Amino acid sequence: MAAVESARPQAAKLRWGELEEDDAGDLDFLLPPRVVEGPDENGIKKTTEYRFDEDGNKVKVTTTTRVRKLGKARVSKKAKERRNWAKFGDAVHEDVGSRLTMVSTEEILLERPRAPGTKEEPSVSEGLGPVQPGAVLMVCRTCGKKGDHWTSKCPYKDLAQPPETFVERPSTADAASAAPGGAGRSAYVPPSMRGGGERTGTEMSRRRNDENSVRVTNLSEDTREPDLLELFRTFGPVSRVYVAIDQKTGMSRGFGFVNFVHREDAERAINKLNGYGYDNLILRVEWATPRPN
Amino acid sequence: MRPILMKGHERPLTFLKYNREGDLLLSCAKDHTPTVWFADDGQRLGTYRGHNGAVWCCDVSHDSTRLVTGSADQSVKLWDVQTGTQLYSFNFNSPARSVDFSVGDKLVIITTDPFMGNPSTIQVKRIAEDPEDQTSDSVLTIKGPQGRINRAVWGPLNKTIISAGEDSIIRIWDSETGRLLKESDKESGHQKTISSLCMFTDKSHFLTGSADKSAKLWDTRSLTLLKTYQMDRPVNAVAISPLLDHVVIGGGQEAVNVTMTDRRAGKFEAKFYHKILQDEIGGVKGHFGPINALAFNPDGRSFSSGGEDGYVRLHHFDPDYFSIRM
């Protein structure tokens, strides 16, 4: 072990991500070398490396990271030296694919309590300004940036999809997707009686849709239908969303249902979102009826 | 801000500590391995392997070379920060709860829990320059308080020891003789167990958090109660900003109690209060479980929180944090 440690290059400026692993195994020569595509103008760095997994299959691991400069800090000389310390303990074999440290995809604000007389919270419109009537608001679902590009043109499409934090953003910022939110927050209106819905020919399709019903539990108390819709529509067209609301308090009772048009979308949604953290609670997403197979 | 999430621990976090320069963050958890991270980007530097029980507390020396950790496995271990090697282990007859280096790093306070008939103790041990010379002798042992001592720290200039614990009374002891100098007032003080204590950088005042849903600010010399900050849940962790007049308080329910209380009582945020006006500034949400540890970076520009969910969240403040007006 000691011999391996000293073989590690001691050059000052090497970042641990670019260090070659010394003890990766005997069959290293069979694997193509690691390729690092350096940070481009958006700060995206792609690292492609190969390794053998448990069954001996050759596995290609592509890690896309966004390198962002948070700001300048005055660092003491000792602190600079500590930056170059070798890893020890459980961190010795840390590779690029380690998911230990991640930047949150949600923007977290220091939420001020809204008392009379205090200023409003800074709105998260990201320098958009007032939206002119008739102008098109380009919203990208992947990175959440507005006015820049549509989802299919997103430069960050490989990165984790950030959930739209509806509960934290003021609703004015989402003018483009306000339509489904128009339905009442007051009383529950069954879909057959809602304005604008199809009347004829939907009975059969709706029945089939009920088999694609997904139950979502452990919702936070201010989750509503538009939030669930926004969260689940990325998996496919959603025919209906329902959130159980306590009529007395107006708060969500913690569960809801989402009906997908296609079964496969429902299946993917379950796999992806079960255990997903949403508004500080861990969601439970499962089939609403006993597994229809 | 975009907090950096660090999931290195598999069990709940117990304590967080920055080194003096603020470039390293040490985290202790119930999973037996204290971990050190870089405080700017959250990359893990290493772990200290050796403990066999939950690690309750840690402290790092002034020059960031020595780390001391107190654990439920009845030992307090001294480590070399850079390499992770264990230099010495103090063994006790009961779980060790709180550790604190003195100014100058020559002495360390260690508290042990009441266990199997042994009362809780506060012990002061000498730390030798050279680990080879290290012995287990106690310079001072104080036995006195009823119940568990959750935190004991040095007072200004190492003249006093301040302890707080389950009996909700803060005590100030003389560090040379071990005599009890002051006790906090029962009426105005905390009514339930004090879970956490944080000293201000110049040690002129300190903040305690208690399960009675409040945090209180005390003057160190006279032990007068200066301020009280009201929370709506038991307080597990407190921290004072070294830069602005802010304090941050974190709490939540123990996992045991969650099923017995209203579901809506489980929101987990770190609440910021104005230190002098006692008003709530705001909250930073994000943890999936109660917050057990809070620490401010010594430069006051970032802070980190550790939760029952095993995550450490490192927050670098946005520029508008520094211009908050009340």
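What counts, and at which threshold
- The residue count restarts for each chain, going from 1 along the sequence in the order it is written.
- Written order determines the labels here, with chains lettered from A and ligands numbered from 1.
- Per-residue local features of the predicted model are confined to residues with pLDDT of at least 70, and side-chain atom pairs are confined, for both listing and counting, to 80 or more; whole-chain, interface and lining totals are unaffected and use all residues.
- The side-chain quantities take in all heavy atoms of the structure and omit both hydrogens and water.
- UniProt positions are given in the numbering used here, feature names are shortened, and annotations may be inferred rather than shown by experiment.
- Numbering of helices and strands runs from the N terminus; a helix is a DSSP stretch of H or I covering at least four residues, while a strand is a stretch of E covering at least two.
- Accessibility here uses a 1.4 Å probe with only protein chains present; expressed as a share of the type maximum, an area under 20% marks a residue as buried, one over 50% as exposed, and anything in between as partly exposed.
- The contact criterion used is simple: two residues touch if any of their non-hydrogen atoms lie within 4.5 Å.
- A 1.4 Å probe and the Shrake-Rupley method give the accessible areas. Residues count as covered only by the protein chains that appear here.
- In this context, the arc is that of the directions from the helix axis out to the C-beta atoms.
- Note on terminology: a nonpolar core comprises buried Ala, Val, Leu, Ile, Met, Phe, Trp, Tyr and Cys residues joined through side-chain atoms within 4.5 Å.
- Ring geometry is summarised as follows: Phe, Tyr and Trp rings, the Trp one being its six-membered ring, pair when their centres sit within 6.5 Å, and such pairs are stacked at plane angles under 30 degrees, edge-to-face over 60 and tilted between the two.
- Summed over both partners, buried area is the accessible surface (1.4 Å probe) that two parts give up on being assembled.
- Between Lys or Arg on one side and Asp or Glu on the other, a salt bridge is scored when a side-chain nitrogen of the former is within 4 Å of a carboxyl oxygen of the latter.
- In protein, a polar contact means a hydrogen-donor-capable atom and an acceptor-capable atom, both N or O and within 3.5 Å, with residues adjacent in sequence counting only if both atoms are side-chain atoms; elsewhere, any N or O pair within 3.5 Å suffices.

The name an unreviewed UniProt entry assigns to chain B is Eukaryotic translation initiation factor 3 subunit I, from the organism Rhynchospora pubera. For the record of chain B, the UniProt heading Subunit (unreviewed entry) holds the text "Component of the eukaryotic translation initiation factor 3 (eIF-3) complex." Here is the UniProt Subcellular location (unreviewed entry) comment for chain B, exactly as written: "Cytoplasm".

An unreviewed UniProt entry lists chain A under the name Eukaryotic translation initiation factor 3 subunit G, from Rhynchospora pubera. Check the Subcellular location (unreviewed entry) section of the UniProt entry for chain A; it says "Cytoplasm". The heading Sequence similarities (unreviewed entry) in the UniProt record of chain A holds the text "Belongs to the eIF-3 subunit G family."

## A closer look at the overall build of chain B
What chain B contains, in helices and strands, is 1 helix and 28 strands. Across the 326 residues that make up chain B, the buried fraction comes to 61%. Here the analysis covers contacts within chain B between residues at least 6 apart in sequence; of these, 43% occur between residues at least 24 apart. Put simply, chain B shows about 12600 Å² of open surface, and 47% of that area lies on carbon and sulfur atoms.

## Quick look at helix H5 (residues 263-273) of chain A
Residue and element names in this part refer to chain A. What H5 keeps buried is the set Asp265, Ala266, Ala269, Ile270 and Leu273. Across the axial projection of H5, the buried residues extend over an arc of 140°, all falling on one side. Relative to its buried face, H5 has exposed residues pointing more than 90 degrees away, namely Glu264, Asn271 and Lys272. Turning to H5, the residues buried within the fold contact strand S5 (213-217), helix H4 (225-232), strand S7 (252-260) and strand S10 (284-287).

## Some points on the nonpolar core
Counting 29 residues, the largest nonpolar core has Tyr48, Val76 and Ile110 of chain B as the members making the most contacts within it. Of all the elements in the fold, those that place two or more residues in this core are strand S3 (24-29), strand S4 (35-38), strand S6 (55-60), strand S7 (66-71), strand S8 (75-80), strand S9 (86-91), strand S10 (96-101) and strand S11 (107-112) of chain B. In terms of residue count, the dominant contributor to this core is S6 of chain B (4 residues). Residue contacts for Ile110 of chain B: discarding those within four places in its chain leaves Val76, Phe90, Phe92, Ala96, Ser98, Val99, Thr121, Ile122, Gln123 and Lys125 of chain B. In this structure, Val243, Phe260, Ala266 and Tyr278 of chain A belong to the second largest nonpolar core, which totals 21 residues.

## Describing the packing of aromatic side chains
All names here are of chain B. Tallied over the full model, the rule gives 16 aromatic pairs over all chains. An angle of 80° between the planes, with centres 5.2 Å apart, marks the rings of Phe272 and Phe303 as edge-to-face. With Phe272 in strand S24 (residues 269-274) and Phe303 in strand S27 (residues 302-307), this pair connects stretches of sequence that are 31 residues apart. For the residue pair Phe272 and Phe303, the accessibility class agrees, reading buried in each case. Relative to Phe322, the ring of Phe317 has its centre 6.2 Å away and its plane inclined at 85°; by these criteria the two rings are edge-to-face. With relative accessibility at 28%, the residue Phe322 sits in the partly exposed group.

## Concerning the interface of chain B and chain A
Contacts between the two partners involve 53 residues from chain B, matched on the other side by 41 residues from chain A. Summed over both partners, the interface of chain B with chain A comes to about 4100 Å²; 51% of that surface belongs to carbon and sulfur atoms. Summed over the shared surface of chain B and chain A, the result is 5 salt bridges. With a shortest N-O distance of 2.9 Å, Arg83 of chain A and Asp40 of chain B are connected by a salt bridge. The interface formed by chain B and chain A contains 14 residue pairs in polar contact (both at pLDDT 80 or more).

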